[in-house]
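Topology and contacts: notes
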Amino acid sequence: MPEIKVELKKEIDRLLNEDVVDVVIAFKKADAPLRPQPAFFRNVDEAAELEYNGLCQNNLANYLTRYPQDTRIGIVVRGCESRSVNALLVEKQHHSENLYLIGVPCRGIIDIKKIIKQTGEEVTAFAEDEDEVTVRVKGREVKFNRKDILHDSCLRCVHPNPINTDILLGEPLPEGDPTVARQAVESFASLGQEERYAWFRQEAERCIRCYACREACPMCYCTECFVDHATPRWTESDISPAGTQAWHIIRAFHQAGRCTSCGACERACPMDIKMTYLTEKLNEDMLEGYQFEVGMDDTTQPPFASFDLDDKNRFVL
Amino acid sequence: METGPKIALFQCQWCLYSEADQHWVDHELPPSIHLVKLPCTGRINPLHILNAVQGGADGIMISGCQPEKCHFIEGNLSALRQHDEFLNLLEYIGYERDRVRFTWLDLQDRGRIQRDLAAFEADLSQLGKADILVTRGIPSMRGQHA
Amino acid sequence: MYILNKKEYKQIIAKWLDKFDVFAPQKAGEFSQFLPVDADSELDFTEPHNTRYPPKALFLPQSETMMRYNRRLNRSEGGQEEIKPRLIWGIRPCDAKASSLLDTVFYTEDDGDPYWIAKRDASVLVGMGCTEPCQTCFCTTVGGGPFNTDGLDALVTELGDEYYIETLTDKGERLFAELPIASEEQQEQVQTLQSKVKGAMEPVFETDNLKEHLDDIFGSDYWDTIAESCLGCGVCTFLCPTCFCFDIVDEVQRSERVRNWDTCMFRIYSQEASGHNPRPTRKERTRQRIMHKYSYWLDHIGEIGCTGCGRCVRYCPVGLDIRAMLNTANAYESEGIHVG
């Protein structure tokens, strides 16, 4: 991993020195324990703060929609992030000629909650290699198998290698198995009706409407979200079951054909709520029903953006 | 007096060609059926369906023109995919998909809306009262604790 | 100072349940929350720090029905139910002090908030001192401490197998008066522990002249640096024990007027009916949070509006750390617009 960071620094410095971009979006060193932060480097001195490791848990494509489309942006992208970039380009949220994608094949993002669950919260040091993660807690060292503490979305990842990059740093990794995600959806769907609703209800119940999931998601960039509509009032804004359930159902639904399963939503949630089980179901339906997978190129429209006269033969009951 | 299952009827305003049928919907609908009239079924947003579900509708009927006979040419096609997928999602989290029914009316059909509603009521009585996702009015537990 | 053997807490709670609704941290799923206690409840003090979701919700619920409207009778009714006396066991000093700070907002002489007042009047707060402060705690930096007694009726210090309980008010005294009294030697041991723990918590940023400096750099581009990664979500504000902003909405479909927590981090929070927004970009909004806590609270009541509980540091989705932000702010030199 340190070698990737060296290569990244070199490339970022080059982009800034040669004025290829106005800003580079990457990660920088943590202030809060175990939390490298999104960073926005505009010169080589700032880029000295660069960090890159398995703790970099945010989807950087999220920040693209903040900049005017004529801003020249360099951005470090892993597999899912690059597909989010493509999804944004399909929706015309940026110009591809103003983006410079620095691709890094991804070994998965570490879910710090899984570490903390076992060690408690006083982790003071962190080190990783391809297979193992070592942390220091209250003077003692604890080792983990990387696979045991990856975020759930990364365990189901199909595309660790970024797509359509301008440069790729590091060797491509083997693609993941698409049946893993499909099996997860199928096994949930095979549970009894009461059980599925109980799970959904239990997850939604903890929601505090902080919208961290929405703000962490690259595809949630609406200036006015449906929850902010006051007249007419279709969903409640409080934390009653009706309100929180509607929030989770509709936000997931608005991601159909747009979500790249990066899991940033779950990692952002302060109440540890599961929500990717909803978007993965929608993604599987998009694949099965429309042979559509989001983010594989920057032009194909998602299924809901269009219709086909053949549709009537499928849905007319 | 026993009323039938509560049904939310989303009706496209053009789909009932017969004046008699439209008059029945406007004035003689049983009290257990709540009418929402729309310019086109394409206007329906999943939020409306969810709202009816959360409010306690035992069934939701969407009545519109046949796909290639839409008053607005393509209006009702644009929403079909979304409605279908939305029902997939609701079913995934435990909702009974059969509580939502689409009826595509032909201009020649007379009395079809009454027959469809009656058949729907009978089927809904088998399903029983809705309770999955019926949450309007239930307070947050956090009102009682932190 | 009284002594209670840790294994006997259930007996004392069983006694209290006759008179009080008792709330204490309990495991609900993966982490601890303040939940109603019954005779069988297992309390959870395995987490050395405060609960994730703040106990301010016991006085200012996140969604509170203020009144209901009865359409048939054409009148409003209800909303302010009788509050049974409540005992809150295990609240941390940072959260108790925060509740006292919020009293200056809601529990005021002539225009107090009846919903808040009713709950505060009905509550007894028994605090649990922090024998193992975490790397994200910074109460001592902002005038608090791991055994601080602001806002508490009694303070519990855990030492070995015992809970040592200092009663601070009449309400607190009445709860524990029947317990055995600690010896002088035991009292000294507790005090030594408390000093040691507090002494180990070094201040993490400078608060002398912090307000003046923040006012000085109000107009500077320092704030652009934080705003760039800030997501503008509500995590820091909702989990914060001193944040109190709210929004009142009429839920017309169920005829209720509800008060919900609101956050200055959302764009629509400050948006006016005309469409004008005095905090139009992320910069103004992120700046607002820091200025409110470390400058405007001082203007209003002469105290910093933060009690160092550390939740905003632990749960910020992008790892923003307010301690680092204030250190950077302190070091930032600029000729900005002075707010005076």
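Residues numbered from 1 in each chain as written. Chains lettered and ligands numbered in written order. Predicted model: local features only at pLDDT ≥ 70, side-chain atom pairs only at ≥ 80, totals over all residues. Heavy atoms only, no water.

**Some words on the overall build of chain C**
Definition in use: Every helix listed is a DSSP run of H or I at least four residues long, and every strand listed is a run of E at least two residues long, numbered separately from the N terminus. Each radius of gyration reported is based on C-alpha atoms, and the globular scaling rule is 2.2 Å times the count of residues to the power 0.38. Each residue gets one of three labels from its accessible area relative to the maximum for its type: buried under 20%, exposed over 50%, partly exposed in between, using a 1.4 Å probe on protein chains only. Any two residues whose heavy atoms approach within 4.5 Å at even a single point are treated as in contact. Only the protein chains shown count as cover for residues, with accessible areas throughout obtained via the Shrake-Rupley method and a probe of 1.4 Å. Residues counted as positive are Lys and Arg, residues counted as negative are Asp and Glu, and His and the chain ends are not counted. All charge positions are set by atom: Lys at NZ, Arg at CZ, Asp at CG, Glu at CD.
When its secondary structure is counted, chain C shows eleven helices and eleven strands. Since a compact globule built from 340 residues should have a radius of gyration of about 20 Å, the 22 Å found for chain C is in line with a globular shape. Counting all 340 residues of chain C, 57% fall into the buried class. Sequence-distant contacts, at least 24 apart, represent 72% of the contacts inside chain C between residues at least 6 apart. For chain C, the accessible surface area stands at approximately 14,700 Å², while carbon and sulfur atoms represent 48% of it. Of the side-chain charges in chain C, 37 are positive and 54 negative, and the distance between the mean point of each set is 6 Å.

**Some thoughts on the packing of helix α5 (residues 178-189) of chain A against helix α10 (residues 276-290) of chain A**
Residue and element names in this part refer to chain A. The condition that has to hold: Orientation is described by lines fitted to C-alpha atoms, with helices fitted over the stretch in contact, and by angles between N-to-C directions that extend from 0 to 180 degrees. Small angles under 35 degrees read as roughly parallel and large ones over 145 as roughly antiparallel, with 65 to 115 read as roughly perpendicular and the rest as oblique. Note: crossing handedness is left-handed where the near helix turns anticlockwise from the far helix by less than a right angle, and right-handed where it turns clockwise. Asp, Glu, Lys and Arg are counted as charged, while Ala, Val, Leu, Ile, Met, Phe, Trp, Tyr, Cys and Pro are counted as nonpolar; the rest, among them Gly, fall into the polar class.
Where α5 contacts α10, the two axes come as close as 9 Å, and the packing angle between them is 110°. Our classification of the angle between α5 and α10 gives roughly perpendicular. When the axes of α5 and α10 are compared, the crossing they make is left-handed. For the pair α5 and α10, contact is made by A181, R182, V185 and F188 and by Y277, E280, K281 and E284, respectively. Partitioning the contact of α5 with α10 into residue classes produces four nonpolar, no polar and four charged.

**Overview of the interface of chain A and chain C**
Inclusion rule: Summed over both partners, the accessible surface that disappears when two parts come together, traced with a 1.4 Å probe, is what is meant by buried area. For salt bridges, the criterion is a side-chain nitrogen of Lys or Arg within 4 Å of an Asp or Glu carboxyl oxygen. As used in this structure description, the phrase polar contact means that two N or O atoms lie within 3.5 Å; if the pair is within protein, one of them must be able to donate a hydrogen and the other to accept it, and residues adjacent in sequence are counted only when both atoms belong to side chains.
Listed per partner, the contact involves 43 residues of chain A and 45 residues of chain C. Where chain A abuts chain C, roughly 3,500 Å² becomes buried across the two surfaces, and 49% of that area is made up of carbon and sulfur atoms. At the boundary of chain A with chain C, the tally comes to seven salt bridges. Across the pair D272(A) and R52(C) runs a salt bridge whose closest N-O atoms are separated by 3.0 Å. Where chain A touches chain C, the interface holds 25 residue pairs in polar contact (both at pLDDT 80 or more).

**Structural notes on the pattern of salt bridges**
Residue and element names in this part refer to chain A. On inspection of all chains with the given rule, the structure shows 50 salt bridges over all chains. Across the pair R78 and E81 runs a salt bridge whose closest N-O atoms are separated by 2.9 Å. With respect to burial, R78 and E81 carry one shared label: buried. Across the pair E141 and R136 runs a salt bridge, and its minimum N-O distance is 3.9 Å.

**Focus: the side chain of N51(B)**
One can find N51(B) in helix α2 (residues 46-54). Here N51(B) falls in the buried class, since its relative accessible area comes to 7%. Excluding residues within four positions of it along the chain, N51(B) makes contact with R233(A), W234(A), R136(B) and Q253(C).

**Here we look at helix α8 (residues 241-254) of chain A**
To keep it simple, the criterion reads: In this analysis, the expected span of each helix is defined as 1.5 Å times one less than the number of residues it contains.
If you check α8(A), its first and last C-alpha atoms are 20 Å apart, about what 14 residues at 1.5 Å a residue would give, namely 20 Å. α8(A) sits mainly inside the fold: twelve of its 14 residues count as buried. Every buried residue of α8(A) is listed here: A242(A), G243(A), T244(A), Q245(A), A246(A), W247(A), H248(A), I249(A), I250(A), R251(A), A252(A) and F253(A). As for α8(A), its buried residues are in contact with α6 (193-205), α7 (212-216), α9 (264-268) and α10 of chain A together with α2 and α3 (75-92) of chain B.

**Considerations on the nonpolar core**
Short version of the rule: Nonpolar core, defined: a set of buried Ala, Val, Leu, Ile, Met, Phe, Trp, Tyr and Cys residues in which side-chain atoms within 4.5 Å join the residues together.
Within the largest apolar cluster, 164 residues are counted, with the highest numbers of intra-cluster contacts made by I12(A), I249(A), I60(B), L133(B) and Y294(C). The biggest single contributor to this core is α3(B), with seven residues. Setting aside its immediate chain neighbours within four residues, L133(B) contacts Y197(A), F200(A), Q245(A), I249(A), V53(B), Q54(B), L90(B), I93(B) and Y95(B). One finds L4(C), I13(C), A24(C) and V37(C) within the second-largest nonpolar core, a separate group that totals 23 residues.

**Thoughts on the sheet that holds strand β3 (residues 59-65) of chain B**
Residue and element names in this part refer to chain B. Which entries qualify depends on this criterion: The criterion for strand pairing is that DSSP finds at least two bridges linking the strands in question.
Spatially, β2-β1-β3-β4 is the arrangement adopted by the four strands of the open sheet, whose pairing is parallel. The outermost strands of the open sheet, each flanked by one partner alone, are β2 (33-38) and β4 (100-105). Each strand of the sheet is rotated relative to its neighbour by a mean of 20°, with strand direction disregarded. With six bridges connecting them, β3 and β4 associate as parallel partners. Opposite I62, over in β4, you have F102 as the bridge partner. Its contacts with the sheet put α2 on β1 (7-12) and β3, and the angle it makes with β3 is roughly 150°.

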